[in-house]
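Notes for the structure review
Below are the chains, spelled out letter by letter.
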Amino acid sequence: MLEVKNLHCTVEGKEILRGINLSVRTGEVHAIMGPNGSGKSTFASVLAGNQKYEVTEGEVSFDGMDLLGMSIEDRARAGLFLGFQYPVEIPGVSMANFMKLAVNEQRKYRGLEPLSAGDFLRLMREKSAIVELDSKLTSRAVNEGFSGGEKKKNEIFQMAMLDPKLAILDETDSGLDIDALRIVATGVTKLHRPDNATVVITHYQRLLDYIVPDYVHVLYKGRIIYTGDKSLALKLEEQGYDWLINQYQ
Amino acid sequence: MNRSLEQGLSELYLSNLDMIGEGLPGRLNAARSSFLESFNLSPLPSARDERYRHCDLQKLFAGEWEHYFTPSPEPGQARNRLPIEGYWIELYNGFCPTDDALVVLDNGIIYGSLRVAMREREDLVLKYYNTVADNDGESVVALNSLFMQDGAFVYVPEGVSASLPFVLSFEYGTNDAAQMCFARSLVVVERGAHADVVVSHQSTDNSRVLVDCVRESIVADGGNVNLSEIVRMNGSSTLITGHYLHQKESSRADMLSVWLRGGTTRVNARHDLAGRGCESNFYGLYFGTGNERTDICMTVNHLQPDCTSYESVKGIVSGEAVGAFTGRVYVAPDAQRTSAFQQNRNLQMSDTAKVYTEPQLEIYADDVKCSHGATVGQMDPEAIYYMRQRGIGEEEARRLQMFGFVNDIVSHCPHDGACDFVRELAEARINEL
Amino acid sequence: MDENEKILDDITRQEYKYGFVTDIETDTIPKGLNEEIIRMISAKKGEPAWMTENRVKAYRQWLTMSMPHWAHLDIPEIDYQDIIYYAAPRTTPKYNSMDEVDPELKATFDKLGIPLEEQMALSGVAVDAVMDSVSVKTTFKETLAEMGIIFCSMSEAIRDYPDLVRKYLGSVVPYTDNFFAALNAAVFSDGSFCYVPKGVRCPMELSTYFRINAAGTGQFERTLIVADEGAYVSYLEGCTAPRRDENQLHAAVVEIVVMKDAEVKYSTVQNWYPGDKEGKGGIYNFVTKRGICRGENARLSWTQVETGSAITWKYPSCILAGDNSVGEFYSVALTNNFQQADTGTKMIHLGRNTRSRIVSKGISAGQSQNSYRGLVKVSKKAVGARNYSQCDSLLIGDKCGAHTFPYVESDNRSAVIEHEATTSKISDDQLMYCNQRGIATEEAVGLIVNGYAREVLNKLPMEFAIEAQKLLAISLEGSVG
């Protein structure tokens, strides 16, 4: 589904990603771990199309399409979802309006009729239950005045609404207490199906107790230096990254 | 130029004195000489006057302006009326077209032509008329008082709650020469009374009009007024408005003004919190495109203790438009436990547009919570990115953000019935940007 | 009680301690202002003809101007013919060694805590001391000269470095700028001049100490600082005056030129005599300070602690002409009794990606009036300009006023400008909390005020920060009833 080949990128002239190769097939869960500053969030942003980063080399194909040649919104409409580490607040724009527009833009892209108001509300109700999102929050402005935990739940709620083929979750577990973590993580698990795929970027093993990865990659200085199975995460939790980095060097 | 503008206007008044005063109370007409005097003492300000830096009245009044001292015939074409059920007062070029336009309801509510009210309820009207407007400080106000022949009058007696909104619909238009109009209104809400007032200023065609408009609103102890204003003037018009609101003890005013379009719009607004425990909330929104010029000058005077005021004015300017905001919060000595907030936020959409903002605090009491803020900026690129990641196109994301920007103003429309309409107007305006 | 608090405590009991008069022979000229007086001042200073002509031109310009009245100040009529425009300690010329300095004069500066002695070496501050109108001593000249840094009195600069002076004097504040700048350009008697050459970082703080001593005089000093490409200098200015019943006029001009990659920090602790508790006497402080960031990446930072003067009219400004240049303004202005202050800054963004930051903390007590007035202007060419302003006012007592008048003008759609201001009083809860921990109210107010002003005080060089902290406490004395 996602094929990343030798991806390089720079920000303000500084090279952050230095040749990433990654292949994600439908039905898989991948975890990307790595020390701070290794390029994890940058990788997610580049896939989403953030213009802050300049891709200098490499190719990415998504569902057979040239991802890098697509606009941010077309990537999203084609089924790529990024769960943001820091979801932005958009004052004055209600969640309901925002989601309605997003859902219908996606439907339009796929040649479907827009949802009726009733169907849309039903969908909102159904999906907000997945992450136990307070229905009051959906009547508020996007992320405005949400707590850290509510913002992350809101990301998963939106993921449920948009039903992406590939979800990339950037540190969705950061800043969550145990209950919120459980809700968010089980939400993601519920949304996982054999016909979609999930990439989680995380620092901690604890998220992977809920979301069991097929592959765990370690990113270091802009490259994937090691790939293992779920046991790798446990080992990293215990021993840190040093042994891997030493081995790499 | 041999003759000053002021001389010209004074002569216009003097040579039509009889016509102007006809059918109006003698003591009202007698008082006009003092307005002539104050108008002559303080000439029309030019851009050299600090307060009129962004709006040169000398230039705006210059040139040939026709002024009619009798009601003009109403325009034939269909008008874009507000879809609001209410007690309507319709004015054309400042006049109520029919001379019997004064309604007295069973509960004591009076509304209709100011001219007729002055004739039929002289004592009541003159008890309030010109008690609040700044005839000494603003020459345009003195000018309006000098030429005033008609206007809108609303009176809600003690303890009465008006069940429908009063709709003051001011329309302007002329089929030939450039025309100068004077518009006047007086709203009185007595003790414990409640009134909803919706004011509309609208040009009916593309002719050049210069409107000098003054509104006085008086809210007595425990009274409550909701005031919405919608301005839709054409690009060659000039609208100069003076809004004077006087609040007594424990009264409350909730206001919304939306300046959707116009040529040059100048607003002088003064809210006096003149009794203890008043509350005043003002939300304003203006749009500027092309060569439009909007210059809003607001003062909130905290004259007594324990009052609360909130003002939020937002603007979106593009093209070569000018948006200026000057806000002053004044807290008098001994007006303790004042709480005042004022903000002006602007989206500047082009390099040729200009934004000026001057929020001011002038505080002479110490037990106060006062703050203000002003920003000039553009769209938040992070928010645009976020929306695009959810599949919303860039143009749409920008529009959505602008809707969001204006939403917290229009959502405070104090009339439930008008809210959706105002929102639609604002959104339609955004779509033009 | 730690050392700082002890100092604070000692000092709180004091009145204006710089209010003494030095009995020193003064050379003055007759009262009044006319072309003849201007020429006389120029002649006394042995100036070249071009300088004399500059002065006369400025004087003629001044005659056509009138005093600005837009500020939120109540300024009594000033009789410009009733002022002595030149007063110098009699003993001239400049001293070569400390032994030659009039002992009275030396004692004066010692008393002010400005030892002109060689032990200054220990404190690492080079000082130019200006008494009344004339620079009496500049320390450390030789050390600085080795690095190519010029630090001397303006009179010397006109004599010894005429090319530099002609190139830069009046280039940032022309004599046509405003009424007081024109007056200053006509009658200025001395001041400091500083030039830091390309790539040189000035190793010590440079400092000018201004003192008005003689009665009936005005002080009109002129300061010019030029930091050439890549240079750095931190400059301090302090001011005091004797306690007198009459009002004295101080109309100074400071000009700063910052070239590419250079940085200038200018700090002021202004403690002119503020007048007595009834509002009698005190200095009228009408000052024009402006700097220009001429080249790319230039930085200019103004920090001021304003506690003195009966009336202050002062707006240290930055013209951000160079791309990526940065202007900063940090201010604490405290007014007590009958003092009036109208002070703030102007940030003029001309270059691309220029940034400015304004932090202003006003404190009003007694019956004083304290206003912040500031302009942020972003021109058409200033793509990517950013400004952030925070202006807070603190009120102590219910007879004073605190006012905020920001002006924001944007001609560029890429500008991001934010202004915020708050006005509040010291909360009863805060005082109660301090009282409960055994801190007396007056002390608590000092503590809270210092905390409130911390962000600005932290920008001052250390010695000045302590002095400023003490000053705030003294100035508030008697404000809590």
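Analysis parameters
- Residues numbered from 1 in each chain as written.
- Chains lettered and ligands numbered in written order.
- Predicted model: local features only at pLDDT ≥ 70, side-chain atom pairs only at ≥ 80, totals over all residues.
- Heavy atoms only, no water.
- Helix = DSSP H or I, 4+ residues; strand = E, 2+ residues; numbered from the N terminus.
- Buried < 20%, exposed > 50% of the residue type's maximum accessible area, 1.4 Å probe, protein only.
- Contact = heavy atoms within 4.5 Å.
- Areas by Shrake-Rupley, 256 points an atom, 1.4 Å probe, with all protein chains shown as cover.
- Polar contact = N/O pair within 3.5 Å; in protein donor to acceptor, adjacent residues only side chain to side chain.
- Nonpolar A, V, L, I, M, F, W, Y, C, P; charged D, E, K, R; others polar.
- Core = buried A, V, L, I, M, F, W, Y, C linked by side-chain atoms within 4.5 Å.
- Domains from an automatic or database assignment.
- Pairing = 2+ DSSP bridges.
- Axes fitted to C-alpha atoms, helices over the stretch in contact; angles between N-to-C directions.
- Expected span 1.5 Å × (residues − 1).
- Salt bridge = Lys/Arg side-chain N within 4 Å of Asp/Glu carboxyl O.
- Patch = residues over 30% accessible without salt bridge, like charges linked within 9 Å, V, L, I, M, F, W, Y side chains within 5 Å.
- Lys, Arg positive; Asp, Glu negative; His and termini not counted.
- Charge placed at Lys NZ, Arg CZ, Asp CG, Glu CD.

Side note on the overall build of chain C
- If you tally the helices and strands in chain C, you get 12 helices and 23 strands.
- Counting across all 481 residues of chain C, residues that qualify as buried make up 63%.
- Contacts in chain C between residues at least 24 apart in sequence constitute 83% of all its contacts with a sequence separation of at least 6.
- Counting every atom, chain C has about 17700 Å² of accessible surface; 49% of that belongs to carbon and sulfur.

Topic: the interface of chain B and chain A
- If you look at the interface, chain B gives 19 residues, while chain A gives 29 residues.
- Here chain B is connected to chain A by 11 residue pairs in polar contact (both at pLDDT 80 or more).
- For the side of chain B that touches chain A, the elements supplying multiple residues, two or more each, are helix H8 (381–389) and helix H9 (394–410) of chain B.
- Taken together, the residues of the side of chain B that touches chain A sort by class into seven nonpolar, six polar and six charged.

Overview of the nonpolar core
- Val 4, Phe 43, Phe 98, Met 99, Leu 166 and Ile 168 of chain A are the most contacted members of the largest nonpolar core, which totals 124 residues.
- By residue number, the principal contributor to this core is H9 of chain B, which donates eight residues.
- Looking at which domains feed residues into this core, each of domain 1 (1–76 + 87–275) and domain 2 (380–433) of chain B gives three or more.
- For Met 99 of chain A, the residues in contact, after removing those within four places along its chain, are Phe 120, Met 124, Phe 157, Gln 158, Met 161 and Leu 162 of chain A.
- Ranked by size, the runner-up nonpolar core spans 104 residues in total, among them Cys 181 and Ala 269 of chain B together with Ala 262 and Cys 391 of chain C.

So, the sheet that holds strand S11 (residues 215–220) of chain A
Residue and element names in this part refer to chain A.
- Spatial ordering of the open sheet is given by S6-S9-S10-S3-S11-S12, a layout of six strands whose pairing is mixed. Two strands lie at the open edges of the sheet, namely strand S6 (80–83) and strand S12 (223–228), each paired on one side alone. Across this sheet, the average inter-strand angle for adjacent strands is 20 degrees, counted without regard to direction.

Here's the deal with the arrangement of the chains
- By number of contacts, the leading pair among the two pairs of chains in contact is chains B and C.
- Between chain A and chain C there is no contact, and the shortest C-alpha to C-alpha distance separating them is 15 Å.

So, helix H10 (residues 416–432) of chain B
All names here are of chain B.
- Its 17 residues give H10 an end-to-end C-alpha distance of 26 Å, which sits within 8% of 24 Å, the value for a rise of 1.5 Å per residue.
- If you check which residues of H10 are buried, you get Ala 418, Cys 419, Phe 421, Val 422, Leu 425, Ala 426, Arg 429 and Ile 430.
- Among the structural elements, strand S9 (224–232), strand S11 (252–261), strand S13 (279–288) and H9 are those in contact with the buried residues of H10.

Quick word on the interface of chain C and chain B
- Contacts between the two partners involve 32 residues from chain C, matched on the other side by 33 residues from chain B.
- Applying the counting criterion to the chain C and chain B interface returns two salt bridges.
- Glu 409 of chain C serves as the salt-bridge partner of Arg 53 of chain B, at 3.2 Å between the closest nitrogen and oxygen.
- One can count 19 residue pairs in polar contact (both at pLDDT 80 or more) joining chain C with chain B.

Looking at unusual backbone geometry
Residues and elements named next belong to chain A.
- In this structure, Asn 143 takes a positive phi of about 65 degrees despite not being glycine.
- With respect to the secondary-structure elements, Asn 143 resides in the loop between strand S8 (141–142) and helix H5 (148–162).
- With a relative accessible area of 0%, Asn 143 lands in the buried category.
- Residue Glu 171 is not a glycine yet carries a positive backbone phi of 45 degrees.
- Note that Glu 171 resides in the loop between strand S9 (166–170) and helix H6 (178–191).
- With relative accessibility at 9%, the residue Glu 171 sits in the buried group.

Focus: the side chain of Ser 169 of chain B
Residue and element names in this part refer to chain B.
- With respect to the helices, strands and loops of the structure, Ser 169 is situated in strand S5 (residues 166–172).
- Looking at Ser 169, the relative accessible area reads 4%, which means it is buried.
- Once you skip the residues sitting within four places of it in the chain, Ser 169 turns out to touch Trp 88, Ile 89, Glu 90, Leu 91 and Ser 200.

Here we look at a positive patch on the surface
- Taken together, Arg 201, Lys 265, Arg 299, Arg 355 and Lys 459 of chain C make up a surface patch of like positive charges.
- What makes Arg 201 of chain C exposed here is its relative accessible area of 53%.

With respect to the sheet that holds strand S1 (residues 2–11) of chain A
Residues and elements named next belong to chain A.
- Spatially, S2-S1-S4-S5 is the arrangement adopted by the four strands of the open sheet, whose pairing is antiparallel. Only two strands of the sheet have a single neighbouring strand rather than two, namely strand S2 (14–24) and strand S5 (65–66).
- Bridge count between S1 and S2: eight bridges; the pairing is antiparallel. The partner of Thr 10 across the bridge, within S2, is Glu 15.
- Here helix H1 (residues 40–48) sits on the sheet in contact with S1, S2 and strand S4 (54–62), set at roughly 110 degrees to S1.

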